[in-house]
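Secondary and tertiary structure notes
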Amino acid sequence: MESAYEVHERSTYMTRVRVALLIGIAAISTYLVLDVWVLDTPAPVTQFRVFVGLPLMALAFALSFYLKRSFFPMLAGLLAIVLVGFSATLLFGGRELTTFAVTAYVQSLLYFSVLAMVPFRYVVLVALPCTVLMIGSLLLVDSAAAALPNHLSLIISIALLLGFVVYMREKAQRNTFVRRRRTETLHRDDLLRQADQIDWLRNLPAQLERDMQNCLFAIETELDGLMDANPLDEAALGRARRGIHDMMKMFETARFASSVDVVQQQHEPLDLSRVINEVVLDRSREMEDVHAIELDIQSDLWVHGNTELIRQSVIQILNGATADLQPETLLQIALRSEMQVVVLEVQVQEELVSLGPNMLTNEHFQLGLGLYLARKIFEMHSGEFEVIAENGMTRFTAKLPLPAPSGVTEERLADQTR
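In what follows, the accompanying structure is described.

Let's shift gears to the pattern of salt bridges. The final tally for this structure, using the stated rule, is eight salt bridges. E278 is paired through a salt bridge with R311; the nearest N and O atoms lie 3.0 Å apart. Remark: R311 occurs in helix α9 (residues 307-321) and E278 occurs in helix α8 (residues 272-287); sequence separation between them is 33 residues. On the accessibility criterion, E278 (31% relative accessible area) is partly exposed. The salt bridge partner of R336 is E338, with a shortest N-O separation of 2.6 Å. Using a relative accessible area of 28% as the deciding quantity, one classes R336 as partly exposed.

Going through the model one piece at a time under the given rule, you end up with seven aromatic pairs. Where F48 meets F86, the ring centres are 5.0 Å apart and the plane angle is 40°; that geometry is what we call tilted. Taken together, the positions of F48 in helix α2 (residues 43-63) and F86 in helix α3 (residues 71-93) put the pair 38 residues apart, joining distant regions of the chain. Assessed through its relative accessible area of 9%, F48 is described here as buried. An aromatic cluster of three or more residues is present, and its members are F48, F86 and F100.

Our next topic: empty space enclosed by the protein. According to the stated counting rule, one finds three cavities of 30 Å³ or more in the structure shown. If you add up the space inside the largest cavity, you get close to 50 Å³. Around the largest cavity, the lining residues are E9, Y13, M117, V118, P119, V166, R169, E170 and Q173. If you list the elements that add at least two residues to the lining of the largest cavity, you get α1 (2-37) and α6 (148-228). Among the residues making up the lining of the largest cavity, the classes are represented as five nonpolar, one polar and three charged.

What follows is about the environment of L83. The residue L83 is located in helix α3 in this model. Taking relative accessible area as the criterion, L83 reaches 0% and is therefore assigned buried. Sequence separation between L83 and A127 is 44 residues, and the spatial gap between their C-alpha atoms is 8.0 Å. Each residue touching L83, except ones within four places of it in the same chain, is listed here: Y105, S108, L109, V126 and C130.

Turning to the layout of surface pockets, a few remarks are in order. Of the volumes computed, that of the second largest pocket is approximately 440 Å³. Along its surface, the second largest pocket is lined by 19 residues, and I28, Y31, F86, Q107 and S108 are the ones closest to its centre. Counting only elements with at least two residues in the lining of the second largest pocket, the list comes to α1, α2, α3 and α4 (98-115). Residue contributions to the lining of the second largest pocket peak at eight residues, all from α4. Class assignment for the residues of the lining of the second largest pocket results in 13 nonpolar, five polar and one charged.

On to the sheet that holds strand β5 (residues 341-348). Strands sit in the order β2-β4-β5-β7-β6 across an open sheet of five strands; the sheet is mixed. Strand pairing shows two members of the sheet lacking a second neighbour, β2 (293-297) and β6 (384-390), which therefore form its edges. Neighbour to neighbour, the strand axes of the sheet diverge by 10° on average, direction disregarded. Of the strand pairs in this sheet, strand β4 (residues 331-338) and β5 are connected by eight bridges, and their pairing is antiparallel. Bridge pairing in β5 links S337 to V342. Lying on the sheet, α9 is in contact with β4, β5, β6 and β7 (393-401); it crosses β5 at an angle near 25°.

What follows deals with the nonpolar core. Counting residues in hydrophobic clusters, the biggest one holds 51 residues, and the most contacted among them are M57, L75, L83, F86, Y105 and F112. Elements with a minimum of two residues in this core: α1, α2, α3, α4, α5 (120-141) and α6. At 11 residues, α3 tops the list of elements feeding residues into this core. Discounting chain neighbours no more than four positions away, the residues touching Y105 are L83, F86, A127, C130, T131, M134 and I155. The next biggest cluster of nonpolar side chains, apart from the first, holds 31 residues, and it includes V303, L309, V346 and L371.

Notably, Q340 is not glycine yet its phi reads approximately 70°, a positive angle. If you trace the backbone, Q340 turns up in the loop between β4 and β5. The phi angle at S382 is positive, at roughly 65°, despite the residue not being glycine. For S382, the location among the structural elements is in the loop between α10 (368-380) and β6.

Before going further, it helps to spend a moment on the packing of α2 against α4. Running from N to C, α2 and α4 cross one another at 15°; their axes reach a closest spacing of 13 Å. By the angle class used here, α2 and α4 are roughly parallel. Once α2 is placed against α4, the crossing between them reads as right-handed. On the side of α2, the interface is formed by V45, F48, R49 and M57, while α4 contributes F100, Y111 and F112. Among the residues forming the contact of α2 with α4, the class breakdown is six nonpolar, no polar and one charged.

Thresholds, definitions, all that
- Residues numbered from 1 in each chain as written.
- Predicted model: local features only at pLDDT ≥ 70, side-chain atom pairs only at ≥ 80, totals over all residues.
- Heavy atoms only, no water.
- Salt bridge = Lys/Arg side-chain N within 4 Å of Asp/Glu carboxyl O.
- Helix = DSSP H or I, 4+ residues; strand = E, 2+ residues; numbered from the N terminus.
- Buried < 20%, exposed > 50% of the residue type's maximum accessible area, 1.4 Å probe, protein only.
- Phe/Tyr/Trp six-rings, centres within 6.5 Å; stacked < 30°, edge-to-face > 60°.
- 1 Å grid on protein atoms, 1.4 Å probe; cavity = no way out; pocket = protein on both sides within 12 Å on 5 of 7 lines; lining within 4 Å.
- Points joined across faces, edges and corners; volume = space filled by probe spheres on them.
- Nonpolar A, V, L, I, M, F, W, Y, C, P; charged D, E, K, R; others polar.
- Contact = heavy atoms within 4.5 Å.
- Pairing = 2+ DSSP bridges.
- Axes fitted to C-alpha atoms, helices over the stretch in contact; angles between N-to-C directions.
- Core = buried A, V, L, I, M, F, W, Y, C linked by side-chain atoms within 4.5 Å.
- Parallel < 35°, antiparallel > 145°, perpendicular 65-115°, else oblique.
- Left-handed = near helix turned anticlockwise from the far one by under 90°.

Set out below in structure tokens:
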């Protein structure tokens, strides 16, 4: 991440730094013209500008087209030479150059920190020792001057202020860069998921056709056996009925999948306990008590969502749980609240053969459409859904967030009033 940010930093501020270097060259050239024609500038100041400031600026501008990783270290080295040069000029030129040295020092700090955009770490490594050196030079050369306290306070305050400004600026830039990278990563992952979903949906018609053909072939085989059997084979008749029921579930899942996009997404408080009881009661009637059902449902658990979508998702979970379940196998359904979430758990004491580790992708079907839709519905309601098939057991777990207590209480009172 750090190396990526350095590349981003160089590519973002390279043009700005070059413009700043050109401005510096123009400023020094203007000072030289003023020194000759207008100002009565001491000779050491003019010599410093001619032999130190101007060549360094021109060299830095030329190197900006060739250096990459060492570009900012080069600017930091340039800053160090300039700042140390002011202290050296003051030491060799005497107190007459105090005003020039202090003013130029502060201007250079502002120039490199604000205009040239030198990174914070280089500013600290260079400005801190150079500021100490400049303070020491002032105390050594002009310790008895009346303006010394003003000069010292100016240098120290500007150095501290620039350090804070550069640090906060770079911190904001780094945070922006990290957020942008995370957004790009999420967008890339989302595109990959969309590609997987498109491939899955592309193969869906063929998978539906294959599964329906297999189911119809099984029903046809059982019916042929019934026609030849004498007396009537009750077990074969039960298998034929279950096959027809499985076919009806496939058609119901396909119908729901085709209409889920046009359902009005109006979320409202709903009693999930009552919804599950109603679904289980309806299925018990349709299944003719083929599977024993054990209910452990905490009453009066409310969530916020679309009633029809939640009901259909519960139906699809029960369809997936009973897809390969042997008759008379116990189906355990539990509903409870845990840590601001409502947990629906459907468990069977068999490791269902149709449920693999990638059951919600295009690698396995077997009612995968219904479970895929159930997962999407729970995610649409800020929830989660997972299936674990291991150690001779299969567990379907769905989680939905609990709504705010005040909203639930008001809805319960309104429901009781109605």
